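Fold and geometry: a report
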Amino acid sequence: MNIRVEKVKFTKILVTLLVAFTSLRAITLEAAESKPKEMLRLRLGLGSAPAPPLPNSVLWLAKDLGFYAREGLDVELSEFQGTPLAIAAMIAGDIDVANISTSEVIRMTATKGQPMRAIHSPDARLYFLIAARDEFKSVGALQGKTFAVSRIGSVDHSLSTIALKALGLNPANLTMVAMGVPSTRAQALVAGRVDATSLSVGTWITIQKEPGVRILVDHNTYFENAAVVEKVNAVTTKVMDEKPEQLRRFTAAILKTSRLFAENQESWVAAITKRRPDVDRQDAANLWTGFRTAWAVNGLMNLETYKKSADFFYQAGILEKVPRIEVGEWTDTRFVDGVLREIGVNAKFDPTGRTAR
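Scope of this entry: the structure provided in the associated data block.

What counts as what
- Residues numbered from 1 in each chain as written.
- Predicted model: local features only at pLDDT ≥ 70, side-chain atom pairs only at ≥ 80, totals over all residues.
- Heavy atoms only, no water.
- 1 Å grid on protein atoms, 1.4 Å probe; cavity = no way out; pocket = protein on both sides within 12 Å on 5 of 7 lines; lining within 4 Å.
- Points joined across faces, edges and corners; volume = space filled by probe spheres on them.
- Nonpolar A, V, L, I, M, F, W, Y, C, P; charged D, E, K, R; others polar.
- Helix = DSSP H or I, 4+ residues; strand = E, 2+ residues; numbered from the N terminus.
- Buried < 20%, exposed > 50% of the residue type's maximum accessible area, 1.4 Å probe, protein only.
- Lys, Arg positive; Asp, Glu negative; His and termini not counted.
- Salt bridge = Lys/Arg side-chain N within 4 Å of Asp/Glu carboxyl O.
- Polar contact = N/O pair within 3.5 Å; in protein donor to acceptor, adjacent residues only side chain to side chain.
- Contact = heavy atoms within 4.5 Å.
- Expected span 1.5 Å × (residues − 1).
- Pairing = 2+ DSSP bridges.
- Axes fitted to C-alpha atoms, helices over the stretch in contact; angles between N-to-C directions.

**Observations regarding empty space enclosed by the protein**
Within the structure shown, the criterion is met by one cavity of 30 Å³ or more. By volume, the largest cavity amounts to about 50 Å³. Class assignment for the residues of the lining of the largest cavity results in seven nonpolar, no polar and one charged.

**Side note on the side chain of D350**
Within the element layout of this structure, D350 appears in the segment after α15 (334–343). No salt bridge is formed by the buried D350. Its closest oppositely charged neighbour is R259, at 7.2 Å. From its side chain, D350 meets the backbone nitrogen of V297 in a polar contact 3.5 Å long. Side-chain polar atoms of D350 contact the backbone nitrogen of N298, separated by 2.6 Å. If sequence neighbours within four positions are ignored, D350 has contacts with W295, A296, V297, N298, G299, L300 and M301.

**Points about the environment of R125**
One can find R125 in the loop between β4 (116–120) and β5 (128–133). Distance from R125 to A294, taken between C-alpha atoms, is 8.0 Å for residues 169 residues apart in sequence. With residues up to four places along the chain from it excluded, the contact list for R125 reads H219, N220, F223 and V228.

**What to know about the pattern of salt bridges**
Per the counting criterion, the structure on display carries 18 salt bridges. With a closest N to O distance of 2.7 Å, R281 and E266 form a salt bridge. In this pair, R281 is assigned in helix α13 (residues 281–290) and E266 in helix α12 (residues 265–275), connecting sequence segments 15 residues apart. Given a relative accessible area of 42%, R281 falls into the partly exposed group.

**A look at helix α11 (residues 244–263)**
If you check α11, its first and last C-alpha atoms are 29 Å apart, about what 20 residues at 1.5 Å a residue would give, namely 28 Å. α11 sits mainly inside the fold: 15 of its 20 residues count as buried.

**A look at the sheet that holds strand β7 (residues 175–178)**
Adjacent strands of a sheet form backbone hydrogen bonds with each other and so pair up, either parallel or antiparallel. One open sheet accounts for five strands, arranged β7-β6-β8-β5-β9; its pairing is mixed. Strand pairing shows two members of the sheet lacking a second neighbour, β7 and β9 (213–217), which therefore form its edges. If you compare each strand with its neighbour and ignore which way they point, the axes differ by 35° on average. When β5 meets strand β8 (residues 196–200), the two strands line up antiparallel, connected through five bridges. From the neighbouring strand, I130 faces β8, where its bridge partner is S198. On top of the sheet, helix α7 (residues 182–190) reaches β5, β6 (146–149), β8 and β9; it is set at about 140° to β8, its chief contact.

The following block contains the structure:
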């Protein structure tokens, strides 16, 4: 009898210890999982300013909404007026990753100027349009007139030249005027100092109510005649080798922020109008409707699309005298693929064109 009692007592003690051990292990695991990640620093270069009311605003808004911080990243934003300055900062080691022109990533890699890799894109396209003084009712009417561009040979100059030519106007018959950033070109158009210019829809909404200006070529028509992945987030191969964890976290933050904005119009409208008080809420809502399927929910890293964009740059003369290289030589999908294995592929849009490796 006593032996039986002792066995019962022993069993109870064993069960109690087992329960305690299991509880302690669960608490330990929970604590480990909830332990904040070590904050890593990343310097992000932005090839335009201010944040445009377009999908690539995610680069700014991921910081505003705390997505970078939640991934354990302390991101320093540096704004540059154009790709050349951002690339110069990359080469100097002042920034780690930059949002720059796709064609320049190819150029720098192919000419051995600075080996780079596109690791994803925050925007499937630039929403360029051609705005003009309202007396011009057709593209052909611009014959012999002035057209403002960022600089001769810039991406907006090259793409506008291609679009105008496709629409029946010989760009050689235009007087191209280098005037710098989009906001400067927009104001020059309003003041009547130039006859036409290319702008993003985000810049256009800041002048759309001004008298005397109109959209001559809308953003869809422009894109149909000059279809490319125009901007990517890129790094030097040196940074890619030295800071893989920072780049993985950066990629995760971009994809997660993009998914929030793709599913929730108000979240983006509230965020962009807070950062850009000059943008009207209704205008922002209308813009979101226009690009609701353009968010980088899977990283916008379809290599077939990238290859077609590279072919376009070469055929259009944007990469004239630049050696041809394969798409795999200027892209790297490891960071996107790694994140997609964790959070899954969004099947609604932004097809990856591959299985995440």
